[in-house]
Amino acid sequence: MANVTDLQTKYSKLAQEYSKLRAQNQVLKKGVVDEQANSASLKDQLKQRDQSLRKQEQEMDSLSFRNQQLAKRVELLQEELAASESKGKKGKSKGDSPSQHGLQTQSVFNEDLQKKIEENERLHIQFYEADEQHKREEAELKTRLEELERNSEQHQAVVDGLTTKYMETIERLQSDKARLEVKAQTLEREAKECRMRTEECQQQLRRCQSDLNRQVKQSSSVIQEKVPFNDTKFSDYNSLNVPPHNRRHQLKARDVAGQALSFIQDLVAALLNFHSYTEQRVHIYPLDSSIEPISPLNQKFSQYLHENAAYVRPLEDSFLQLHQSITEDTVTVLETVVKLKSFADNFSTYTHFLQKILPYQLKSLEEECEAPLSTAALTAKNRELQSDMKRITSVFEKLQSYINLLALPSVRQDALPQSSTSAVFTQLAACLHSLHDAIKEMSKHYNQKASLEQELPTVTQKLCTTTECLLGSLGSLNSSTGKIATFFSNNLDFFTSPGYSPRGSTVALNPLQAESMLANKKKAAAYIQAVKKPRPQSVPYREALSNRRILTSSTESREGLSQQVQQSQEKIARLEQEKEHWLLEAQLGKVRLEKENQRIADLEAQLAAALGGSPDSRTAAAASTLAQSHEEEETEQRAAGKETTLCTSLVGMLCTTPSIEDVGDEESREQLIKTHYMARVGELTTQLQISDSKAVHFHSECRALAKRLAIAEKSRETLSEEVKLANQNITRLQDELATTKRSYEDQLSMMSDHLCSMNETLSKQREEIDTLKMGSKGNAKKNKGR
């Protein structure tokens, strides 16, 4: 009680302070608005005063300037008047007519002067006004020019940024296009190869089908003659009747298990969301845990709900293990599926969890019915929800019993007869449909309850959002259970049909027969693979003996063959030298041919020069040239008749024919050729070394670039994943911030409204107390007067 009174006193003090601060805030707002209006009016007055002051200063400047002009003009006129008076005194003796003429001229001058003064004043005013207008226009144009320059700079910066961005995007798109083109080409090549392979596989398949059909005909004729082994005295011997391995049954079982795994994952996610949002709702309604503590029963209920993941997650994990245990190389029947027992145990654990939280759920709904603002319609909906939760728990208990029955054959043989298995599967399908109907009814009742709760005056935004999330989880739970029920009904024939059974018997398959079946399957696969492998052709005995003789003779004559190889290598070296010698001879022949061509050209030139003279001289010159040519031919023939000399060196052998011109040039020519070839060899070696070093360098650079590219790709992938995660976190945090901000704003507005209403009630109570006190005082005075 003391705590309640302290809270009430603190609450009243806070309400009084809040009302005071609210009144002060209103006064301050009015003062601020008044001061802003006064400051605006004072600014306008100051601008008007500045404008009037500028106008007066301009007028003063113009008047001072005009006064200066008039003063100068008056001085000039006084000087002219003095001069005219002096002239008039001198000219009085001449008569009155000249003075009258002077007065007339002076009046004319005065009028002209007045006109000029007025015109000058008007021009000065116009000039001053035009100058001021020009200055204002110039200032306005300068400000406008500065603004336009700033805008142009900003636009230019934006344009530069966009151009760089677009160029980067264009380059990236071009690189992506090139990469995609290369990828498309590779895919086209792979598609062509795949088409060729498919054609080859189709041909092989046709051949295999024809072979298999032939083998099937042969084996069927053999199988029809055989009788299955069936010992009526000792049933253990019947395990020899091993059924064949059914690959289609295994593929179907794996497909069905995969579909069931996806449905189980959806169901687990929906159950997790349902329990989590139920826990949040317990903390919000009927009492908000952030304002006042909830009841101990709801605290215990929320604690149990907080542990829901420990009971729900194992369902998905155990079924995933069950799906992984079903492969093409296994035998899938109830007697061999060992992982089904773990799933049944986890399902039993979750059913016990539902039984444990059921009383707390019912009590929580009763507390909602006992809330002060609860209506009759809400109470009725809570009663319906209580019945729905009881129904769902009972359906889960039935499902637990049926799943445990299906898991028994994997633990103990002959626990469930083959005839009872189909009945269990049928009842399981009916239970799944009843579970879907129960969850559908609960979802409908929850929707109606949520619509009724939104009409309450004390409902908060936090409660509304939690209720919406709870309804969404119920909707996903409804859809997942419906999918599971329809899936089970569609595959009921597959579940009830016996996939494996011994030949000539209706007894279920036991693990021993399953092991024998798998062993036979492996043996058959190994035998077929061995048959398909091409065997090497056998060698006849006589051919093997002859090959052995040849081998021994070849080993004995290995030394002779090595000698022949050495001789052939020497012969090849000698032929290479001869080749180089004949190449040199060809070059020398080319040089001689060039010299002969040069000599013939000289002779033709001499002949042409000689033909330019007299005819006698022409004939003499022609005769002399012919004689010289005959002499040269004779000398050449004599030189050809001489013996040839043979010169050997490091480069090779050189056969030379001594002549008058070539005497003493052999050594110099050989030295030139040697230097030329040595220089050429040096150049080639340097080029080869440079190219080798460049190749090594480029190879190392390519390897480094490839490594860097791989590292960059990995880092890009990791960074992209991190960016995605960061964006998701940012969006999630923004959503959370928005929801919390909205909830706090709603709570603050509700608190302020509540405080205002409490202040109003307090003021009313005080007024009533004052009136009652005044009435009591008046009654006391009347009683005293009596």
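Only a predicted model underlies this, so the values are computations on that prediction, with no experimental measurement involved.

Draft legend 1. Quick peek at the overall build of the protein. Within the protein one finds 15 helices and 2 strands. The buried share of the protein, reckoned over its 786 residues, is 20%. Contacts in the protein between residues at least 24 apart in sequence constitute 80% of all its contacts with a sequence separation of at least 6. About 58,100 Å² of surface is accessible on the protein, with carbon and sulfur atoms providing 56% of the total.

Draft legend 2. The arrangement of the side chain of Thr 467 in detail. Tracing the backbone through its elements, the reader meets Thr 467 in helix H9 (residues 461-490). Among all residues touching Thr 467, those that are not within four sequence positions of it are Arg 281, Ala 450 and Glu 453.

Draft legend 3. Focus on the packing of aromatic side chains. Within this structure, the stated rule accounts for 13 aromatic pairs. Between Phe 319 and Phe 343, the ring centres sit 5.2 Å apart and the planes meet at 70°, which makes this aromatic pair edge-to-face. Taken together, the positions of Phe 319 in helix H5 (residues 309-325) and Phe 343 in helix H6 (residues 339-369) put the pair 24 residues apart, joining distant regions of the chain. Note on Phe 343: relative accessible area 7%, which makes it buried.

Draft legend 4. Summary view of the confidence of the model for the protein. With 78% of its residues at a pLDDT of 70 or more, the protein shows a mean pLDDT of 76. Per-residue pLDDT stays below 50 along residues 613-623; that stretch engages in 5 contacts with residues further than four places along the chain or on separate chains. Below a pLDDT of 50 lies the segment residues 633-664, which in the model reaches 36 contacts outside its immediate sequence neighbourhood of four places, other chains included.

Draft legend 5. Molecular detail of a nonpolar patch on the surface. On the surface, Val 158, Leu 162, Tyr 166, Met 167 and Ile 170 cluster together into a nonpolar patch covering about 470 Å² of accessible area. Given the relative accessible area of 48%, Val 158 is considered partly exposed.

Draft legend 6. Representation of a negative patch on the surface within the structure. There is a patch of like negative charges on the surface, built from Glu 146, Glu 147, Glu 149 and Glu 153. Here Glu 149 lies in helix H2 (residues 96-224).

Draft legend 7. Geometry of the nonpolar core. Counting residues in hydrophobic clusters, the biggest one holds 69 residues, and the most contacted among them are Leu 340, Tyr 350, Leu 399 and Met 442. Elements supplying a minimum of two residues to this core: helix H3 (247-284), helix H4 (296-306), H5, H6, helix H7 (376-407), helix H8 (418-453), H9 and helix H10 (492-496). Ranked by the residues each element gives to this core, the list is headed by H3, at 14 residues. Among the nonpolar cores identified, the runner-up in size contains 5 residues, and Ile 284, Tyr 285, Leu 378 and Leu 456 belong to it.

Draft legend 8. Focus on the packing of H3 against H4. The contact between H3 and H4 brings their axes to 9 Å, and the two run at 160°. Looking at the two axes, H3 sits roughly antiparallel to H4. At the point where H3 passes H4, the crossing takes the left-handed sense. Counting all contacts with H3, which are made through His 275, Thr 278, Glu 279, Val 282 and His 283, the residues of H4 involved are Asn 298, Phe 301, Ser 302, Leu 305 and His 306.

Draft legend 9. Just the environment of Leu 428, in detail. Structurally, the position occupied by Leu 428 is in helix H8. The sequence separation of Leu 428 and Leu 492 amounts to 64 residues, and the corresponding C-alpha distance is 9.8 Å. Residues in contact with Leu 428, not counting those within four places in the same chain, are Leu 399, Tyr 402, Ile 403, Leu 406 and Phe 488.

Draft legend 10. Seen up close, the pattern of salt bridges. Tallying each qualifying case throughout the model produces 15 salt bridges. For Arg 716, the salt bridge identified is with Glu 713, shortest N-O distance 2.9 Å. One end of the pair, Arg 716, and the other, Glu 713, are both in helix H15 (residues 666-785), 3 residues apart, so they sit about a helical turn from each other. Classification of Glu 713 as partly exposed rests on a relative accessible area of 31%. What you see here is one network of salt bridges that share partners, running through Arg 281, Glu 368, Lys 449 and Glu 453.

Each value, and the rule that gives it
Note on numbering: residues in each chain are counted from 1, in written sequence order. Restriction of local features to residues with pLDDT of at least 70 applies here, the model being predicted, together with a cutoff of 80 or more for giving and counting side-chain atom pairs; totals for whole chains, interfaces and linings are based on all residues. Water and hydrogen atoms play no part in the side-chain values, which are based on all heavy atoms of the structure. Secondary structure elements are defined from DSSP: runs of H or I of at least 4 residues count as helices, runs of E of at least 2 residues count as strands, and each element is numbered from the N terminus. Only protein chains enter the calculation, and the probe is 1.4 Å; a residue is then buried if its accessible area is under 20% of its type maximum, exposed if over 50%, and partly exposed in between. In this analysis, two residues are considered to be in contact whenever any of their non-hydrogen atoms come within 4.5 Å of each other. Accessibility throughout is a Shrake-Rupley quantity obtained with a 1.4 Å probe, and a residue counts as covered only by protein chains that appear here. In this scheme Phe, Tyr and Trp rings, the latter by its six-membered ring, pair at centre separations within 6.5 Å, and the angle between planes marks the pair as stacked below 30 degrees, edge-to-face above 60, and tilted otherwise. The predictor reports its confidence for every residue as pLDDT, a score running from 0 up to 100. Surface patches are drawn from residues lacking salt bridges whose relative accessible area is over 30%; two like charges belong together within 9 Å, two nonpolar side chains (Val, Leu, Ile, Met, Phe, Trp, Tyr) within 5 Å. The term salt bridge refers to a side-chain nitrogen of Lys or Arg lying within 4 Å of a carboxyl oxygen of Asp or Glu. Charged-residue counts in this description rest on Lys and Arg as positive and Asp and Glu as negative, His and the chain ends being excluded. For charged residues, the charge sits on one atom: NZ in Lys, CZ in Arg, CG in Asp, CD in Glu. Remark: nonpolar core denotes a set of buried residues (Ala, Val, Leu, Ile, Met, Phe, Trp, Tyr, Cys) joined through side-chain atoms within 4.5 Å. Angular values range over 0 to 180 degrees, each being the angle between N-to-C directions of two axes fitted as lines to C-alpha atoms, with helices fitted over their stretch in contact. If an angle is under 35 degrees, it is roughly parallel; if it is over 145, roughly antiparallel; if it lies from 65 to 115, roughly perpendicular; otherwise it is oblique. Left-handed describes a crossing in which the near helix is turned anticlockwise from the far one by less than a right angle; the clockwise case is right-handed.

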